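A look at the structure
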Amino acid sequence: MLKAFRNQLNQLSLVDRDSWTRRVTSALGGRRDSGTEEDVRGLILALPDLLERVRRWYDRADVPENFRRLHGITLTYLYHPADLVEDKGLFGYLDDAYLVGRVFVLTAQRLTRDGVALEEDVAARHTTLERGLASARRVLPEETNRLDALVADYLSGDLKAFRRLMDETEKLAVGKQ
């Protein structure tokens, strides 16, 4: 399934270039920034690999329970019909990639702090991921703030944060129709 998803994202990144550039440029207030475009495209294209790692961490006993619950809602967010970014092209995956990337980084930081040995690819991805996340914040400031709040609330024990975000997102989607 992840292989098919990876292929779908790669295909979208090839056929959706003009729409991609317009959407990112528009989100940046009409200013074209090819570095930001590439950073967020890279974040989206890394999504299948990040998902696989988050899913594996979900099954590990040495991952704190609140992080495993966070991994569960992250996976649920991806399958939920309401979305913070309504777009059928590659751009529509940016909120998903941001959330998964953010959860990946926070989990890696927590496991490192707890003295858990991480796989080599985790450390290698960190710098690229941080750059992609920072670029996503520039492109989607409101949406990434909402996702950051969801993560912080959930990690602090507010287990209803996800439901509230999805309810708000559904209301926004209905209002746009």
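The preceding data block contains the structure.
A brief report on the enclosed structure follows. Note that the structure is a prediction, hence the values are computed from the model and not measured.

Brief notes about the overall build of the protein
Regarding its fold elements, the protein presents nine helices and zero strands. Secondary structure elements of the protein occur, N-terminal to C-terminal, as α-α-α-α-α-α-α-α-α. Against the compact-globule benchmark of 16 Å for 177 residues, the protein has a radius of gyration of 16 Å, which places it among compact chains. Each of the three principal axes of the protein carries a C-alpha extent, and together these read 45 × 35 × 30 Å. Per-residue burial over the protein gives 45% buried out of 177 residues. Of the contacts formed within the protein by residues at least 6 apart in sequence, a portion of 73% connects residues at least 24 apart. Of the roughly 9100 Å² of accessible surface on the protein, a fraction of 51% belongs to carbon and sulfur atoms. The protein carries 28 positive and 29 negative side-chain charges, and their two centres are separated by 0 Å.

Overview of the packing of aromatic side chains
The tally for this structure, following the rule as stated, stands at three aromatic pairs. Centroid distance Trp 57 to Phe 104: 5.1 Å. Interplanar angle 35 degrees. Geometry classified as tilted. Within this pair, whereas Trp 57 is found in helix α4 (residues 47-58), its partner Phe 104 is found in helix α6 (residues 94-113), the two being separated by 47 residues in sequence. Owing to a relative accessible area of 0%, Trp 57 belongs among the buried residues under this scheme. Judged by relative accessible area, Phe 104 falls into the buried class, the value being 2%.

Remarks on the pattern of salt bridges
One pass over the structure, following the stated rule, counts 20 salt bridges. Residues Glu 65 and Arg 68 are paired through a salt bridge, measuring 2.7 Å at the closest nitrogen-oxygen approach. Residue Glu 65 and its partner Arg 68 are located together in helix α5 (residues 65-79), separated by three residues, close to a single helical turn. Bridged by salt links that share partners, the residues Arg 53, Arg 60, Asp 62, Glu 119 and Asp 121 form one connected network.

Some thoughts on the side chain of Ser 135
Take Ser 135: it is sitting in helix α7 (residues 120-139). With residues up to four places along the chain from it excluded, the contact list for Ser 135 reads Thr 36, Asp 39 and Val 40.

Describing the packing of helix α1 (residues 2-15) against helix α3 (residues 34-45)
Here α1 crosses α3 at 155 degrees, and the two axes come no closer than 10 Å. By the angle class used here, α1 and α3 are roughly antiparallel. Note on element contacts: α3 touches α1 through Arg 41, Ile 44 and Leu 45, opposite Leu 9, Asn 10 and Ser 13.

So, α7
In this model, α7 (20 residues) spans 30 Å end to end at C-alpha, consistent with the 28 Å of a helix rising 1.5 Å per residue. Largest kink in α7: about 40 degrees, centred on His 126. Val 122, Leu 129, Gly 132, Leu 133, Ser 135, Ala 136 and Val 139 are the residues of α7 that are buried. On its buried face, α7 sits against α2 (17-27), α3, α4, α6 and α8 (141-155).

What to know about the side chain of Thr 144
You can see Thr 144 is positioned in helix α8. By relative accessible area, which is 2% here, Thr 144 ends up buried. Among all residues touching Thr 144, those that are not within four sequence positions of it are Tyr 98, Ala 136 and Arg 137.

What counts, and at which threshold
- Residues numbered from 1 in each chain as written.
- Predicted model: local features only at pLDDT ≥ 70, side-chain atom pairs only at ≥ 80, totals over all residues.
- Heavy atoms only, no water.
- Helix = DSSP H or I, 4+ residues; strand = E, 2+ residues; numbered from the N terminus.
- Rg over C-alpha atoms; globule rule 2.2 N^0.38 Å.
- Buried < 20%, exposed > 50% of the residue type's maximum accessible area, 1.4 Å probe, protein only.
- Contact = heavy atoms within 4.5 Å.
- Areas by Shrake-Rupley, 256 points an atom, 1.4 Å probe, with all protein chains shown as cover.
- Lys, Arg positive; Asp, Glu negative; His and termini not counted.
- Charge placed at Lys NZ, Arg CZ, Asp CG, Glu CD.
- Phe/Tyr/Trp six-rings, centres within 6.5 Å; stacked < 30°, edge-to-face > 60°.
- Salt bridge = Lys/Arg side-chain N within 4 Å of Asp/Glu carboxyl O.
- Axes fitted to C-alpha atoms, helices over the stretch in contact; angles between N-to-C directions.
- Parallel < 35°, antiparallel > 145°, perpendicular 65-115°, else oblique.
- Expected span 1.5 Å × (residues − 1).
- Bend = angle between axes of the 7 residues up to and from the residue.

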